[in-house]
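Breakdown of the fold
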Amino acid sequence: MALGSVFKRLWALFTHDRSIGFGLEYIGLATLKYPRFIAFAILAFSILCFSQVPRANVDGNLLRIYADSGHYYDAYERLASTFGTFENDIYVLVNSPDLTNPEVLERVRALAFDLELNDFAVGTMSPFTLRKPTANGGSVPAVPENMTDFAQVALALSDLQQNDPMMRNLITPDLTGVVLIMFPNPELTKGDGTKEMIASVRKTIAGYESDDLHVELTGPPVWTSEMLNASVDDLVKFTAYGFILGALIAFLSLRSLAGALIVAATPFLALIWTIGIVLLFFGSFSFLTIIVTTLVLVISFAESTFFVFNWLAFWRDDGMEPNKAVDETVRLVGPATALTMLTTLISFASLSMTAGKGIQEFSIAGAIGSFLLFVCLMTFMPLLLKLAIRLGFKPPKRSSLVLTAPLPLSWFIASRYGKAMSIFAIVLTLGLFVPYVLIQPHFSFEDFMTKDSTALAAAEEIDSGVGGVAPLYIRVPLVEHNPYVGPVDFETIKTVHQILEKHLGPNKVISAASMDNYTQSGFSREEVFDAVGPFMRKRFITDDGDQALVTGFMPTIIDSDTLRDLVVDVQNEMDAAGIKGAEIGGFRILTTYATDQIVRGLQLDLTVSVLVNLGLIGFAFQSFRVAAASAIPNLFPVLGTEAWLYFTHQGLQLITVIALTIAFGIAVDDTVHFLSHYLHARREQKLSHMEAVKHTLDRIGGAIIATTLILCSGTIIVAFSALPQVALFGTLFVITLALAVLGDLFILPSLLAAGGKFFQPLGKMKQRNIDHHRTPDRPETSGPPPAPQ
């Protein structure tokens, strides 16, 4: 008993005079007390952030998303540092129906040599750069020079395509196409270097394009460039469209142009603040952090609209003096807005529990954006409203009837069929846990590519003609330490080569064993390695002879489950063959396995976010009854969206779990505002339980609908992104928010109405001291009292 008494006293001490916003609303109260100082601080901070905007850029490196994500990323880094990889290579696909024409062939040879002389190239591989060893110890071009007739060319190319293991991956069987591969200098492709390199290569190939010679670029740098261009386009387009749509909906909701401009000003400033600070922290945006700008914009619009709706309600409906209405809005909305900011921030912060640089940056950027938009709302918005009053702003007529149209139906269901609706919602929500448990992670590389990608089409053409553009690597440890490969090590490499070729198909694998036809013709391995040159030699074996590399080329588009099965089968067969220590890797292995690992971690983050936010709501209101009331309306949209993913066989992807986590944090916002107003009506206005539910619906129901429309309209445009993953993010976000507004307007009121006895004690809780939120010179008003603390 004594210990229990101590805990009760500690709890009372901790919660004494604490608001549901944990005191963060004091930022708004400080604005009311020190307006000039806060205005100066806003100006200085805005100048700082505006100065960063010209530096805005998007880093197109996909590896940034997976950096530091664990074992598979570390394995990829070891592989790349030891051998280099084909992941940064540019593939030039040359097609011509007249390729066997000696003149056309020589034009292609000239193109290959021009690529080799490109400033960004450290080497190339093509039928024209590979050489064959000769009997006298020298070498000659693999494709003979100065051929004079079609038959001679056709015979030479056919012989190479059918009998030379290296040529099989570079010449199509029908002799109408060849592949030229350029190896970029990694030092020159940093930053904007990749963009400049691609432009340089396109300029080179432009001089060779003709009616009988068609040239296309593909490969990871080109794919990344397409994604980067699409991301930059999305950033500009979605920011502009989101701002215009948000302002338009604010105008239609308030039926006032001046009111719409007031609503739009805060989101604009919050967006600039977020862009500036993210650039200060990270130097650039990534494919993930770029989404934060759209989220900050639409969330700011929603919160700004809610703030203005409450201000107008005090001024227009309750007859309060407009400046005092601003003060009262800060006191009423401030604590609830602080709590909604914390729930969104927690949703972003929960993502940081999953390893991976890209996820960590998105988590930090989102948390920063959440806090900055709250600060902007609590400082800039009150000052802007008071400035508008001084400039003669007049309150518009009542809000559009469209916003309040669903409210009578909501009240009818809650008052007449509250118990039935509650039972239905609880059963449905519990049932939705089934697909939540059953859904599995899914990864498709195609989802990261831009829609209608010409580079992807070229890669698939290479897949169907020669080797492939998606390499899978096997690092093989050697025992003889011979840089020219001893006989024992050669048999080991040959065994691995055959195992991989068995699964990928003939002519889809290259390794030191590919040179077997030359050694069987009487050439030593030393002569063969000297003929291919030091750059290509490093793609097969390390200089010290400790490790060899076997490279297989998979289709560009391969299902993640198929790839996992392939890796398991190859690993099992190598183990059965007694090959120990071999390591399978590559970018596609990294993205498939690391994505699976990250998605499972993010799903746990989502669960933690849900539990922590529900607990936070209960803790903030100091009532487990409030937490219980908020559970079903907020679980329903998340579980409902996951069920949609499950039944449409899309699975859990990297972006889907992020979208669900963030959407949940935002969806909770309206629930918090609803419960805050409900408790205010019970404790301050002394309304009965059902009267408080009805009053809350009438008071903020329209605002909830308006903010949801703004959130949905601001993110639905993301669904039209050229990047499938970004488009999916927008789709899931809108679905979750649409289900959330159903939960807040129909499920939550029904739960409150059906649980009358359960929620009855909320109106009898002792009111804590609220005077510390009043400024000394503020007289009592005839309007509603301040928010519950």
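Residues numbered from 1 in each chain as written. Predicted model: local features only at pLDDT ≥ 70, side-chain atom pairs only at ≥ 80, totals over all residues. Heavy atoms only, no water.

Attention now moves to the overall build of the protein chain. Scanning the protein chain for helices and strands turns up 27 helices and ten strands. Across the protein chain, the fraction of contacts at a sequence separation of at least 24, relative to all contacts at a separation of at least 6, is 82%. On the protein chain, roughly 30700 Å² of surface is accessible, and the fraction owed to carbon and sulfur atoms is 62%. (Helix = DSSP H or I, 4+ residues; strand = E, 2+ residues; numbered from the N terminus. Contact = heavy atoms within 4.5 Å. Areas by Shrake-Rupley, 256 points an atom, 1.4 Å probe, with all protein chains shown as cover.)

As a general point, the strands of a sheet are linked pairwise by backbone hydrogen bonds and lie either parallel or antiparallel. Taking strand neighbours across the sheet as the criterion, the four strands line up as S8-S9-S7-S10 in an open arrangement whose pairing is antiparallel. Lying at the two open borders of the sheet, with one neighbouring strand each, are strand S8 (509–510) and strand S10 (583–585). Judged from the three bridges that link them, strand S7 (residues 470–477) and S10 form a sheet pairing that is antiparallel. Bridged to isoleucine 474 within S10 is isoleucine 584. (Pairing = 2+ DSSP bridges.)

Turning to the packing of helix H11 (residues 290–317) against helix H13 (residues 357–390), a few remarks are in order. Interhelical geometry of H11 versus H13 gives an angle of 35 degrees and a closest axis separation of 9 Å. Considering the relative orientation of H11 and H13, their crossing is right-handed. Taking contact as the criterion, the partners of Ile291, Val292, Leu295, Val296, Ile299, Ser300, Glu303, Ser304, Phe307, Val308 and Trp311 in H11 are, on H13, Phe362, Ala365, Gly366, Gly369, Leu373, Leu377, Met378, Met381, Pro382, Leu385 and Ile389. For the contact of H11 with H13, the residue count by class is 17 nonpolar, four polar and one charged. (Axes fitted to C-alpha atoms, helices over the stretch in contact; angles between N-to-C directions. Left-handed = near helix turned anticlockwise from the far one by under 90°. Nonpolar A, V, L, I, M, F, W, Y, C, P; charged D, E, K, R; others polar.)

On to the sheet that holds strand S5 (residues 177–184). Spatial ordering of the open sheet is given by S2-S5-S1-S6, a layout of four strands whose pairing is antiparallel. In this open sheet, the two edge strands, each paired with only one partner strand, are strand S2 (121–125) and strand S6 (214–218). The sheet shows a mean angle of 20 degrees between the axes of neighbouring strands, taken without regard to direction. The strands that helix H6 (residues 102–116) touches are strand S1 (90–95), S2, S5 and S6; relative to S5, the one it contacts most, it runs at about 10 degrees. Along the sheet, helix H8 (residues 193–206) makes contact with S1, S5 and S6, crossing S6 at roughly 170 degrees.

Moving on, we come to the pattern of salt bridges. In this structure the tally under the stated criterion is eleven salt bridges. Here glutamate 106 and arginine 109 are joined by a salt bridge, their closest N and O atoms 3.0 Å apart. Here the residue glutamate 106 and the residue arginine 109 both occupy positions in helix H6, the gap between them amounting to three residues, near one helical turn. Look at glutamate 106 and you get partly exposed, because its relative accessible area is 30%. (Salt bridge = Lys/Arg side-chain N within 4 Å of Asp/Glu carboxyl O. Buried < 20%, exposed > 50% of the residue type's maximum accessible area, 1.4 Å probe, protein only.)

Formed by 167 residues in total, the largest nonpolar core has its most connected members in Leu295, Trp311, Phe362, Ile658 and Ile662. Non-local contacts of tryptophan 311, meaning those with residues more than four positions away in its chain, are made with Pro322, Ala325, Val326, Thr329, Leu385, Ile389 and Phe393. (Core = buried A, V, L, I, M, F, W, Y, C linked by side-chain atoms within 4.5 Å.)

Glancing now at the environment of histidine 673. Relative to the elements of secondary structure, histidine 673 occurs in helix H24 (residues 654–683). Excluding its chain neighbours within four sequence positions, the residues that come into contact with histidine 673 are Glu303, Phe306, Val333, Ala336, Thr337, Thr340 and Ile700.

Let us look at a nonpolar patch on the surface. A cluster of nonpolar residues, Leu248, Phe251, Leu252, Leu257 and Leu261, forms a patch on the protein surface that exposes about 490 Å² of accessible area. Residue assignment for the nonpolar patch shows that the elements contributing at least two residues are helix H9 (220–254) and helix H10 (257–282). Here leucine 252 is to be found in helix H9. (Patch = residues over 30% accessible without salt bridge, like charges linked within 9 Å, V, L, I, M, F, W, Y side chains within 5 Å.)

So, about the pairing of strand S9 (residues 547–554). The buried count for S9 comes to eight of eight residues, which makes it a mostly enclosed element. Burial along S9 is two-sided: Gln547, Leu549, Thr551 and Phe553 facing one way and Ala548, Val550, Gly552 and Met554 facing the other are all buried. In terms of strand pairing, S7 meets S9 through eight bridges, oriented antiparallel. Paired with arginine 475 across the strands is leucine 549, a residue of S9. Pairing analysis gives two bridges linking S8 to S9, with the strands arranged antiparallel. Along S9, the bridge assignment pairs isoleucine 510 with threonine 551.

Below, the discussion takes up the confidence of the model for the protein chain. Mean pLDDT over the protein chain: 81, with 87% of residues reaching 70 or higher. When pLDDT is averaged over each helix and strand of the protein chain, the minimum, 45, is found for helix H1 (residues 2–15) and the maximum, 95, for helix H3 (residues 35–52). (pLDDT = per-residue confidence, 0-100.)

Under the criterion given, the structure shown has 14 aromatic pairs. Seen in terms of ring centroids, tryptophan 311 and phenylalanine 393 are 5.7 Å apart; in terms of plane orientation they differ by 25 degrees. Their pairing is stacked. In this pair, tryptophan 311 is assigned in helix H11 and phenylalanine 393 in the loop between H13 and helix H14 (401–404), connecting sequence segments 82 residues apart. On the basis of relative accessibility, which here comes to 11%, the residue phenylalanine 393 falls in the buried class. Taken together, the aromatic side chains of Trp311, Trp315 and Phe393 make up a single cluster linked through ring pairs. Across from the ring centre of phenylalanine 314, 5.4 Å away, lies the NZ or CZ of arginine 699, which sits over that ring. (Phe/Tyr/Trp six-rings, centres within 6.5 Å; stacked < 30°, edge-to-face > 60°. Lys NZ or Arg CZ within 6 Å of the ring centre and 35° of its normal.)

Before going further, it helps to examine unusual backbone geometry. Leaving glycine out, the prevailing phi sign among residues is negative, and the prevailing peptide bond configuration is trans. Non-glycine residue phenylalanine 22 carries a positive phi angle of around 55 degrees. On the accessibility criterion, phenylalanine 22 (27% relative accessible area) is partly exposed.

We now examine H6. The terminal C-alpha atoms of H6, which comprises 15 residues, lie 21 Å apart, in line with the 21 Å expected from a rise of 1.5 Å per residue. Residues of H6 that are buried: Pro102, Val104, Leu105, Val108, Arg109, Leu111, Ala112 and Leu115. The elements touched by buried residues of H6 are S1, S2, helix H7 (150–163), S5, H8 and S6. Capping the start of H6, asparagine 101 holds a side-chain oxygen 2.9 Å from the backbone nitrogen of glutamate 103, two or three residues further along. (Expected span 1.5 Å × (residues − 1). Polar contact = N/O pair within 3.5 Å; in protein donor to acceptor, adjacent residues only side chain to side chain.)

Turning next to the side chain of threonine 708. With respect to the secondary-structure elements, threonine 708 resides in helix H25 (residues 689–716). With relative accessibility at 8%, the residue threonine 708 sits in the buried group. Apart from the residues lying within four places of it in its own chain, the contact partners of threonine 708 are Asp670, Leu737 and Val741.

Right, let's get into the state of the cysteines. Evaluated as defined, the whole model comprises zero disulfides. In this model cysteine 49 remains outside any disulfide bridge; the closest cysteine sulfur is found in cysteine 376, 10.0 Å from its own. (Disulfide = S-S within 2.5 Å.)

Taking 1.5 Å per residue as the helical rise, H10 with its 26 residues ought to reach 38 Å, and the 37 Å between its terminal C-alpha atoms agrees with that figure. Where H10 terminates, the next one or two residues include glycine 283, which has phi positive at roughly 85 degrees.

With that settled, consider the packing of helix H2 (residues 26–33) against H13. Contact pair H2 / H13: the axes reach a minimum separation of 8 Å and the direction vectors enclose 30 degrees. The angle between H2 and H13 falls in the class roughly parallel. As H2 packs across H13, the resulting crossing turns out to be right-handed. Mapping the contact onto sequence places Ile27, Gly28, Thr31 and Leu32 in H2 and Phe374, Val375, Met378, Thr379, Pro382, Leu383 and Lys386 in H13. Of the residues in the contact of H2 with H13, the class split is seven nonpolar, three polar and one charged. (Parallel < 35°, antiparallel > 145°, perpendicular 65-115°, else oblique.)

On to the side chain of serine 363, then. Within the fold, serine 363 resides in helix H13. By relative accessible area, serine 363 is classed as buried at 3%. Polar side-chain contacts of serine 363 include one of 2.7 Å to the backbone oxygen of phenylalanine 348. Aside from chain neighbours lying at most four places away, what touches serine 363 is Phe348, Ala349, Leu351 and Ser352.

What follows is about the environment of threonine 648. Mapping threonine 648 onto the fold places it in the loop between helix H23 (624–647) and H24. Threonine 648 sits in the partly exposed class, given a relative accessible area of 34%. A polar contact is formed between the side chain of threonine 648 and the backbone oxygen of tryptophan 644, at a distance of 2.6 Å.

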